[in-house]
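# Coordinate analysis (summary)
Below, each chain spelled out in residue letters.
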Amino acid sequence: DQQVKQNSPSLSVQEGRISILNCDYTNSMFDYFLWYKKYPAEGPTFLISISSIKDKNEDGRFTVFLNKSAKHLSLHIVPSQPGDSAVYFCAASSNFNKFYFGSGTKLNVKP
Amino acid sequence: GAVVSQHPSWVICKSGTSVKIECRSLDFQATTMFWYRQFPKQSLMLMATSNEGSKATYEQGVEKDKFLINHASLTLSTLTVTSAHPEDSSFYICSATKTGYSNQPQHFGDGTRLSIL
């Protein structure tokens, strides 16, 4: 049973525009959410996180939004750069017990 | 800081062989390390949680005798795939959290591509 879902396997965006990656979860007990970025043949790299007490967290070009009632979070990248091209995973946990990962969205930022 | 090194990065071996994968936290101590498995175009599936000085906690459906985990020090956890078969071919990734820090993300190694012939 997939508790964290990323329904878009891929996304293509023009350089300079906004990239929006979406993630849905089913477990209302999740209270900490993260986004990881992964390049081929490398492990995931932590990007940004948000706890359930917030609905927005911003770090430079990256902003994560959390909608608890909809059990939905999204990652906004603006402006998008070609170096942002990678696979993005969202992850969620309850009480930092275990982390559940989505299946990833492959972002391609076109120059 | 927070570098996790995983070795080897790629291994090819014959069916029936046992393969050991190492996960090291290079610049921090990690009481807890995690082992994941990833199939192509799928999410990271947690296999087990490795705790220093105690037995690992395995997820449902993961065979303990097949995937042996040892976490003998605060900087090293090993995963041994025993008597590996082609269906064990996959991408294995470890992660670690810093000892004494709460509310923090896991730091991942670069993964090990295991191919069983």
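Because the structure is predicted, anything quoted here is derived from the model rather than measured.

## Quick notes on the sheet that holds strand 1 (residues 4-5) of chain A
All names here are of chain A. With respect to topology, five strands assemble into an open sheet ordered 1-3-8-7-6, the strand pairing being antiparallel. Sheet topology places strand 1 and strand 6 (56-59) at the edges, where each strand pairs with a single neighbour. Relative to strand 8 (residues 72-77), strand 3 (residues 19-25) runs antiparallel, the two being bridged by six bridges. Bridge pairing links D24 to H72 in strand 8.

## Here's the deal with the environment of B:S115
Residue and element names in this part refer to chain B. Here S115 lies in strand 11 (residues 112-116). Note on S115: relative accessible area 22%, which makes it partly exposed. On a C-alpha basis, the gap between S115 and E87 in space is 9.1 Å, while along the polypeptide they are 28 residues apart. The residues contacting S115, other than those within four sequence positions of it, are W10, V11, I12, C13 and S89.

Calculation notes
- Residues numbered from 1 in each chain as written.
- Chains lettered and ligands numbered in written order.
- Predicted model: local features only at pLDDT ≥ 70, side-chain atom pairs only at ≥ 80, totals over all residues.
- Heavy atoms only, no water.
- Pairing = 2+ DSSP bridges.
- Helix = DSSP H or I, 4+ residues; strand = E, 2+ residues; numbered from the N terminus.
- Buried < 20%, exposed > 50% of the residue type's maximum accessible area, 1.4 Å probe, protein only.
- Contact = heavy atoms within 4.5 Å.

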